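The residues making up each chain are set out below.
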Amino acid sequence: MQKKKWMPFLLLLPALAIMFFLMIFPVFWNITISLHDVKTTNINDVWPFVGFQNWVKIFQDEYFLQSLKVTLFFVLGSVFFQIFIGFLIARILIERVWGTKFFRVLFMLPWLLSATIVGFSWQWMYNDYFGLINGMLMRLGMQPVNWISDPNMALISLLIANIWFGTPFSILFQESSLLTIDRSLYEAAKIDGANSFQSFFNITLPLLAPFLGINLILTSMWSVNLFDLQLVLTGGGPLMSTTTSSLYMYKQGFEQGNLSIGATIGLVLLIINLTVSFLYLRALRGEEA
Amino acid sequence: MTKKSKTIRAILFIILVIFAIYTIMPIFWVFVTSLKTPEEARSFPPTLIPKEVTFENYKLLFQDEQMMRSFLNSIIVAVPATLLCVIISALAAFAFSRYEFRGKKQLLAAVMGIFMIPITMNTIPLYLIFQRMGLLDTYTGVILAYQVLIIPLNIFILKNHFDTIPVSLEEAAALDGATTMQRFTKVIIPLSWPGLSISFIFTFRFAWNEFVLPMILISSPSKTVFQVAMYRFLGLYSIDWGLLSAAIVIGMIPILIIIIFFQRQLLQGIQAGSIKG
Amino acid sequence: MSKKVVVSFVLFVMIFSSMALAVEEVVLTGTFAAPADRWNDLIPAALEELNRRHPDMEITMEYEVLPYDDTRSKLITLTAGQTPRDLVSIDQIWLGEFAQSGFLKDITQEVNSWGRIDEFYPANIEGSKFDDKFYSIWAWTDVRVTWYWKDLLEEAGVDPEMLKTWDGYIEAYKKLAPVTMKKGILPMHLVGASHSPDMWFPYLWMNGGEILEEKDGKYYPAFYSEAGIKALTFLRDQVEAGIRPQVQHQWGQEFADKRFAVMIEGSWLLGNFPEGFDFDQIGMIPGFPVPEEGMKSSTMMGGWLLAVPSTSEHPELAWELMTIMLDPEILTPVLAKYVYLPTQKTIAEQDPYKSILESEIPFFEDLMKAVEIGEGRPNIPEYPQIAEALRIAIEEVYYGVKTPEDALRDASKKVEEILIF
């Protein structure tokens, strides 16, 4: 086939132009700001250059370090449950039980909402007095639970809300991935005397691995970057128990006016995302080899 | 397909039902709240089925010129943004799928890397960029800004989808004298509807739900989008749950419609394995 | 056609077009904090008057109304981008920050030639200034006072006077609890939301404490003091007695819905009651509880300030619009409707404005008494960070993580670091 050498670049041009122009410049701007001391009070004046001082500062900030712990718990929990539940449901949907089409559309709903709406809906659900959950608990004669007003409970409540929010994507992803596996492989295995567990570990899992990898990367990235859900649901409290690093970044930048700190944290998050992706991909490549 | 016994199928069905209840609960709660009177919305203990059903909240919203205007604005912005995004992503995906060139792998990785940037970091710099370009407070500006939300994901989805289309079909077309663009529009695109549908749905979802970018880039009340306008009901000193719930329900309608109508394509897209590694 | 017709036609066109050109169209821009309805009432009314004063112009205003946090984000973005804006509403605690960044226009000259600033209360005049210059005008205020439901107190045998002292307050709680809990009503409210420092400052102030002190033009934290520890200990005592901090805040709606028997909340609470509510059912004590009987109480004043950004392309018109918005004729109906308190002596003490507010706002006179003992928060640029440090300290005491002394000491260290650079 005749292929002009410059063709791919022409095709890529619009996408690359927009991405690099609208995304790369902001990253450089953030890097610049993180190397200076910029606050809302001096944003239009000369920015004092401080080198890596901000980077050092945040790692000495007990609240940032705590937010990293919160983020770890939040991301691990979100990724694990979203993918695990996603896989289970996808597996069941493939079996085509009655009502599958209806269920599939229904299950998509949470992901179609915006994070802020999810935050408001769940805040309403979790409300100590007017909320649905406590209302039902009390009707059943049980004690109401302080879902988001108890520092020990709040992060779990946030996790539940995020699982509700993000699982649909994993369901979709996993169902599509499972469908690529040739059914005849299972039949052959059955003939050879393998039971369900063995089929799963020896056929499903290995074939699913590359898809799982992508699912993992996307899900963890979205969980790391998410901040408006927490902002609306709990505001980050009580006692900073639901303040993930992404929320801390927003608060430092926009509520406290520490623009440099906000930018620095953002870059840390970006590095985390890139590192995680890199590690997943490495692990996958290792497995394939 | 292995045949599962009736009992197992029944159990699976029940699991789906339980998950369905978990899924629908918050949405149902919001929906029910939107039909309550303000007093009942704050009543204690809370009622699951409204004692008194009222459409007052919806009436108020439909009569509110600003809300209706903002709904229209959201459409004016989300639809072109979606079309534009899918088109340029498709072109890029076509390039990645059908061509080999130096640095291709690295470029693809870089594209995915860009996707990882948290959006809050970009609010002020994007604002500055658009200001220099004179695109503040314009529909065009917002449409352009939305592109960054999901181009990488679209490129990824569409590339995988295009990869499943046999190259032989294009070679046949080329023999008939088709140009590259014709190969793209006459061969690839028609065969890609399932994958393109998924792209459209995902992109629209991000564009419709976006709050931070339009809030920063638009200031005229006449151009505000729905997601931003909705927060009027959240003043510093009052939370009108009934009105807010009704606004949430109205905000869900477009994306619901799209899902329901594009269900078939969505299904085909899933089956064609477009969302793959 | 005859020459006369042509000439008159040409003349007509010339006159008409010059008239059209003579009417200058001006569009002012604004960014204000939600809720929107008060602005939707105030601005058109003020614009009408402004247009009346400038018949050669047609002045309209396009303004956006954003939630609190987003208003602040937007203002920060506007500062960075130097985008023209003619009028903004700012929270009193943002004044220092935005004034120092150069975002706000120094209107000292305009204020002085305006001549009406002396009609404002001293605390509000001070609060409108930064670095001894006027950058804004405090348009309206609110105060936090103690509200209670008379019937519930009566049933529990609680004399409202008990609520005036710290010991009495805790006593009252113990008596109220068994009675109200049976009805599914909580006895007392305690703020556990993010604005908890606002509800703690009055306890600090009434004991003679201060948030910050100034030495040689620099600020230092002053809240880690006997007064501060005493004040924070009272919060701890409330929690230990059984009063739970409420993390979700409905801004008075929860009291209006009779979810609580007693609540210390802002004066805006009155706007949360339904039409036709009989206000004799509730009582109000104009202040926070004091440690000992007879001591002078204190409270915190909030509200919104109006300011003209330095990027405004129509600064004179914007300033004029602002003065009209502050005109008692225009402002009083809005205050009455939305239950805000005046910052001007003219409105609060003179008729006809006083009567309007008295008739529309229950407890008006007592609320103004609270304004007299009210204090505002510091408006230095670092205030948001100071508030955050104090919020953390209060939460640490609420959840028993630290003693009041340790919490304040740690917060004071943090604030020192913030202020000294």
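Before any of the text, the structure's been laid out above.
(A) Quick look at the overall build of chain B. Regarding its fold elements, chain B presents 14 helices and 2 strands. Counting over 277 residues, chain B shows a buried share of 62%. Sequence-distant contacts in chain B: of pairs separated by 6 or more residues, those separated by 24 or more amount to 74%. Split by element, the accessible area of chain B, about 11,000 Å² in all, is 68% carbon and sulfur.

(B) Spotlight on a nonpolar patch on the surface. Residues and elements named next belong to chain C. Together, Val6, Val7, Phe9, Val10, Leu11, Val13 and Met14 make up a nonpolar patch on the protein surface, roughly 620 Å² of accessible area in all. The topology assignment puts Leu11 in helix α1 (residues 3-22). The exposure class assigned to Leu11 is partly exposed, which follows from its relative accessible area of 44%.

(C) Region of interest: the environment of Thr33 of chain B. When you line up the elements, Thr33 of chain B lands in helix α1 (residues 6-34). Among the residues examined, Thr33 of chain B registers a relative accessible area of 0% and is labelled buried. In this structure the C-alpha to C-alpha distance between Thr33 of chain B and Leu243 of chain B, which are 210 residues apart in sequence, comes to 8.8 Å. Setting aside residues up to four positions removed in sequence, Thr33 of chain B forms contacts with Trp124 of chain A together with Ala41, Asn57, Trp241, Gly242 and Ser245 of chain B.

(D) Structural view of the sheet that holds strand β14 (residues 282-285) of chain C. Residues and elements named next belong to chain C. Taken in spatial order, the 4 strands of this open sheet run β8-β13-β7-β14, and their pairing is mixed. The open sheet has two free edges, formed respectively by β8 (186-188) and β14, since each of these has just one partner strand. On average, each strand axis in the sheet is inclined to that of its neighbour by 30 degrees, with strand direction left out of account. Of the strand pairs in this sheet, strand β7 (residues 144-149) and β14 are connected by 4 bridges, and their pairing is antiparallel. Within the sheet, the bridge partner assigned to Trp147 lies in β14 and is Met284. Along the sheet, helix α8 (residues 166-182) makes contact with β8 and β13 (260-266), crossing β8 at roughly 170 degrees.

(E) Up close: helix α3 (residues 56-63) of chain B. All names here are of chain B. Taken as a whole, α3 has its buried residues at Asn57, Tyr58 and Leu61. Buried residues of α3 fall within an arc of 95 degrees about the axis and therefore sit on the same side. Residues of α3 that are buried sit in contact with α1, α4 (65-98) and α13 (241-261).

What counts and what doesn't
Residues numbered from 1 in each chain as written. Chains lettered and ligands numbered in written order. Predicted model: local features only at pLDDT ≥ 70, side-chain atom pairs only at ≥ 80, totals over all residues. Heavy atoms only, no water. Helix = DSSP H or I, 4+ residues; strand = E, 2+ residues; numbered from the N terminus. Buried < 20%, exposed > 50% of the residue type's maximum accessible area, 1.4 Å probe, protein only. Contact = heavy atoms within 4.5 Å. Areas by Shrake-Rupley, 256 points an atom, 1.4 Å probe, with all protein chains shown as cover. Patch = residues over 30% accessible without salt bridge, like charges linked within 9 Å, V, L, I, M, F, W, Y side chains within 5 Å. Salt bridge = Lys/Arg side-chain N within 4 Å of Asp/Glu carboxyl O. Pairing = 2+ DSSP bridges. Axes fitted to C-alpha atoms, helices over the stretch in contact; angles between N-to-C directions. Arc of directions from axis to C-beta.

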